[in-house]
Amino acid sequence: MKNYIYPCLLAAAASLASCVDDKGSYTLSPINEVEITLSNKDGYVAYLAGDPVHISADVTGTMAETNEPSRYAYHWYVKIITNLSSMASETIDLSEEREFDYVADGSLLPGSYTLYLEVTDLETGLKTIQRSSLAVLSQMTTGYLVLGESTDGTVKMDMITTMAEDTILLEDVFTDPNIRKPESLVFIGQTRYGEYQNLWLTAADQSYSLTNGSYFELLEDNTLDSKMLTTFDVKRPMRVIDMFPRYDASYGCRGDSKRGYITDDAIYLTSMMSNDQIFGNPINRYSNTSTELFTPYRLAFVVNGAYMSSLFLNAIFYDMDSQAFVGPNSNNPTSATYCRKLQASASAAFEWDQSKYPDNRRLVFGQNGNAGYSYVVLTDDQNKWYAYSFSPSSTTSPSQWFSTEIDQSVATDFAQASHYAFSDDETEMVYAVGSKLYGYDLERNIGRLLKDYGSEIILLDRDAESTTARNKFYIAVSAGDGKSTLSWFTIPSDPNDIPFEEDEDMVWEINSTVKGIQWKSAGDLADESGYY
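Conventions adopted
- Residues numbered from 1 in each chain as written.
- Predicted model: local features only at pLDDT ≥ 70, side-chain atom pairs only at ≥ 80, totals over all residues.
- Heavy atoms only, no water.
- Helix = DSSP H or I, 4+ residues; strand = E, 2+ residues; numbered from the N terminus.
- Buried < 20%, exposed > 50% of the residue type's maximum accessible area, 1.4 Å probe, protein only.
- Contact = heavy atoms within 4.5 Å.
- Areas by Shrake-Rupley, 256 points an atom, 1.4 Å probe, with all protein chains shown as cover.
- Core = buried A, V, L, I, M, F, W, Y, C linked by side-chain atoms within 4.5 Å.
- Patch = residues over 30% accessible without salt bridge, like charges linked within 9 Å, V, L, I, M, F, W, Y side chains within 5 Å.
- Salt bridge = Lys/Arg side-chain N within 4 Å of Asp/Glu carboxyl O.
- Lys, Arg positive; Asp, Glu negative; His and termini not counted.
- Charge placed at Lys NZ, Arg CZ, Asp CG, Glu CD.
- pLDDT = per-residue confidence, 0-100.
- 1 Å grid on protein atoms, 1.4 Å probe; cavity = no way out; pocket = protein on both sides within 12 Å on 5 of 7 lines; lining within 4 Å.
- Points joined across faces, edges and corners; volume = space filled by probe spheres on them.
- Nonpolar A, V, L, I, M, F, W, Y, C, P; charged D, E, K, R; others polar.
- Phe/Tyr/Trp six-rings, centres within 6.5 Å; stacked < 30°, edge-to-face > 60°.
- Lys NZ or Arg CZ within 6 Å of the ring centre and 35° of its normal.
- Pairing = 2+ DSSP bridges.
- Axes fitted to C-alpha atoms, helices over the stretch in contact; angles between N-to-C directions.
- Polar contact = N/O pair within 3.5 Å; in protein donor to acceptor, adjacent residues only side chain to side chain.

Can you break down the overall build of the chain residue by residue, with the values?
If you tally the helices and strands in the chain, you get one helix and 37 strands. Across the 532 residues of the chain, 52% fall into the buried class. Nonlocal contacts in the chain, meaning residues at least 24 apart in sequence, comprise 54% of its contacts between residues at least 6 apart. Accessible surface computed for the chain: about 23500 Å², of which carbon and sulfur atoms make up 45%.

Put into structure tokens, the structure is as follows:
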């Protein structure tokens, strides 16, 4: 609590705290010292669905009765930053009553606010301020976006969201008859003030940029091509295959404008402008002068939430043409213009250049975890299968964790798997074959059938962005009828087994063929709503 006494109240000798000087004498008189007590000191939450918030304020004074109606004036308000550079703000007035009653009706956009109550003593002019927090939430601010394809081939996006204590499915939060064959979602955010949030919906033809706060609409400038000023002959329209680094539940996403994109045939790194995302020529080449681009794998191996500053960048890529892991030629992202193949030490667990192995060893699958490690699955012409893990903590010598050949006598039908996902908790992975979900422990060489879902598994992935848990997964199955069942499960730690625990509260019937899941926690942006 802070007390503010205005200069006009200090007739003379104003340096004496909690006193005013009587005019014409040196007799000091006490003032009414005010204390404000709010009914909930831990703050308040309101949902944009007519959710009411009631706050009771008790005002006590040393020279007045509690809540004396004729003695005090009340002013409830919040401040909104309107300019990030100058930190200028706008005051939004909410109430002039002692009892604060607010209904979440859209007058405040979703976000976290400092709520101020300013009480004025009408006899002395003394103002006392008490602060609390007010979180205004939309049903669509935080939750899982479910990207689906309708039976007519058009995009259908739903959202699994939590409101108060209820988790609900919101259908058709975004549809568009002109967007067909949707493939994936990529969301990056939220940075310190929310700037540079991006939600990309990639379809067969191109990628589309959407608003990503409390509603979903196509942005006016919704293509990636306008951000890429390359002189190279690249595939257009450009599609966002990956954007990195991704969100992390512990650290958020601190990348602001210094991020990277992977498109169908190019890797773009570091914006040329500090206050916007404008990129130059791609770096998936092996010299400054080369215009020959290698085909990149669809994922950048990077620590999620990692900060990409002007001082360093740790990201590893994979050349699908020569089958080799590569890194940028410089740790300084503003100087990175091409890539170099990584070189393994004599004691390395595996070669970074897969062409050094016989039988055409090649990458099949890659994943970033949420414990600082990345994972890959590889195969060769002898139908042997391998798994590697490493930490993308350096662009020249990333640390390696393990390399192992999959024992196919234990990992049933591994060669026929369509989907894979790794746990960060132990050396365990899951994989899908038709309707069956299997678990395999790479270190202990233990494998077992976890569940037969009865319908084709069409999606399997780690839930690595919504939680710090290292063993949480989601899976979608479909009978091919244009509908899907989406659910979550965990693989708890057990030294002797591969446990499988389904989350009974997270089983959802989706009226589309699920194509992708994307966690999102973000409010509205300035360019979408006029507010920060």
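Having put the structure on the table, let's press on.
Mind laying out the nonpolar core, listing which residues take part and the relevant values?
Side chains of a nonpolar character, in soluble globular proteins, are inclined to be buried together. The biggest cluster of nonpolar side chains holds 33 residues, and the ones touching the most others in it are Phe301, Phe325, Phe414, Tyr420 and Tyr431. Counting residues per element, the ones that place at least two in this core are strand S25 (362-368), strand S26 (374-379), strand S27 (385-391), strand S29 (419-422), strand S30 (428-433) and strand S31 (436-441). It is S27 that contributes the most residues to this core, five residues altogether. If we skip the residues at most four places from it in the chain, phenylalanine 325 touches Phe301, Ile316, Phe317, Tyr318, Lys341, Leu342, Trp352, Gln354, Val376, Tyr388 and Phe390.

Mind laying out a negative patch on the surface, listing which residues take part and the relevant values?
Taken together, the side chains of Asp93, Glu96, Glu97 and Asp101 define an acidic patch exposed on the protein surface. Inspection of the secondary structure assignment puts glutamate 97 in the loop between strand S9 (88-95) and strand S10 (100-103).

Describe the confidence of the model for the chain, with residues and values.
Residue-level pLDDT values for the chain average 86, and 86% of them are 70 or greater. With pLDDT under 50 throughout, residues 1-20 is counted as low confidence; its partners more than four residues away or in other chains account for 38 contacts. Taken as a whole, residues 526-532 scores under 50 in pLDDT and shows 19 contacts with residues more than four places along the chain or in a different chain.

Give a description of unusual backbone geometry that names residues and reports values.
Along the chain, arginine 236 connects to proline 237 via a cis peptide bond; the corresponding omega equals -5°. Its place among the elements puts proline 237 in the loop between strand S18 (207-210) and strand S19 (242-244). Along the chain, phenylalanine 244 connects to proline 245 via a cis peptide bond; the corresponding omega equals 0°. Here proline 245 is to be found in the loop between S19 and strand S20 (260-262). Positioned with a positive phi, glutamine 323 is a non-glycine residue whose angle comes to about 55°. Here glutamine 323 lies in the loop between strand S22 (317-319) and strand S23 (324-328). A relative accessible area of 11% places glutamine 323 in the buried class.

Describe the pattern of salt bridges, listing the residues and the values that go with them.
Any two side chains of opposite charge can pair, on the condition that their charged atoms come close. Summed over all chains, the structure comprises 24 salt bridges. Across the pair glutamate 351 and lysine 356 runs a salt bridge whose closest N-O atoms are separated by 3.9 Å. The exposure class assigned to glutamate 351 is partly exposed, which follows from its relative accessible area of 27%. Look at the salt bridges and you will find they share partners, linking Lys156, Asp158, Glu171 and Asp172 into a network.

Which residues make up the layout of surface pockets, and what values go with them?
One simple way to see leftover space: roll a probe sized like a water molecule over the atoms. A volume near 1000 Å³ is recorded for the second largest pocket. Together, 36 residues line the second largest pocket, and Arg246, Arg298, Phe365, Asp461 and Tyr474 are the ones closest to its centre. Looking at the lining of the second largest pocket, the elements with two or more residues in it are strand S13 (142-149), strand S16 (182-188), S25, S29, strand S33 (456-462) and strand S37 (513-521). No other element matches the six residues that S37 contributes to the lining of the second largest pocket. Broken down by class, the residue content of the lining of the second largest pocket amounts to 18 nonpolar, nine polar and nine charged.

So what's going on with the packing of aromatic side chains? Which residues, and what values?
Tallying each qualifying case throughout the model produces 31 aromatic pairs. Taken together, a centroid distance of 5.1 Å and an interplanar angle of 50° make the contact between phenylalanine 489 and phenylalanine 500 tilted. Here phenylalanine 489, found in strand S35 (residues 484-490), pairs with phenylalanine 500, found in the loop between S35 and strand S36 (501-510); they are eleven residues apart in sequence, far enough to count as distant. According to the relative accessible area criterion, phenylalanine 500 is buried, its value standing at 18%. When the ring centre of tyrosine 286 is taken as origin, the NZ or CZ atom of lysine 341, which lies over that ring, is 5.8 Å away. The ring of phenylalanine 473 has arginine 462 sitting right over it, with the charged end atom 5.9 Å from the ring centre.

Give a description of the sheet that holds S35 that names residues and reports values.
By definition, the strands of a sheet pair up through backbone hydrogen bonds, in either a parallel or an antiparallel sense. Reading across the sheet, the four strands line up as S33-S34-S35-S36 and stay open at both edges, with antiparallel pairing between neighbours. Each edge of the open sheet carries a strand with a single partner, namely S33 and S36. Across this sheet, the average inter-strand angle for adjacent strands is 20°, counted without regard to direction. By the bridge criterion, six bridges tie S35 to S36 in an arrangement that is antiparallel. Residue serine 484 lies in a different strand from S36, and its bridge partner there is isoleucine 510.

Describe the environment of serine 393, and please don't skip the residues or the numbers.
Mapped onto the elements, serine 393 comes out in the loop between S27 and strand S28 (399-405). Measuring from C-alpha to C-alpha, the distance between serine 393 and asparagine 314 comes to 5.7 Å, with 79 residues separating the pair along the chain. When residues no more than four places from it in sequence are discounted, the contact partners of serine 393 are Asn314 and Ser399.

Give me the lowdown on the pairing of strand S12 (residues 127-137), citing residues and values where you can.
The element S12 is largely enclosed, with a buried count of eight among its eleven residues. In the sheet, strand S5 (residues 44-47) pairs with S12 via four bridges, with the strands oriented parallel. From the neighbouring strand, alanine 46 faces S12, where its bridge partner is valine 136. Two strands pair when backbone bridges link them, and strand S11 (residues 111-121) and S12 are joined in this way by ten bridges, in the antiparallel orientation. Residue pairing in the sheet places glycine 111 in a bridge with valine 136 of S12. What sits between S11 and S12 in their antiparallel hairpin is a turn of five residues, with glycine 125 showing a positive phi close to 80°.

Describe the sheet that holds S22, and please don't skip the residues or the numbers.
Across the sheet, which stays open at both edges, the three strands sit in the order S22-S23-S24 with antiparallel pairing between neighbours. Of all strands in the sheet, those with a lone pairing partner are S22 and strand S24 (339-341), marking the two edges. With strand direction ignored, the average angle separating the axes of adjacent strands in the sheet is 45°.

How would you summarise the side chain of histidine 419 if you had to cite specific residues and measurements?
As for its position among the elements, histidine 419 is in strand S29. A polar contact is formed between the side chain of histidine 419 and the backbone oxygen of isoleucine 458, at a distance of 3.2 Å. With residues up to four places along the chain from it excluded, the contact list for histidine 419 reads Val430, Tyr431, Ala432, Ile457, Ile458, Leu459 and Leu460.

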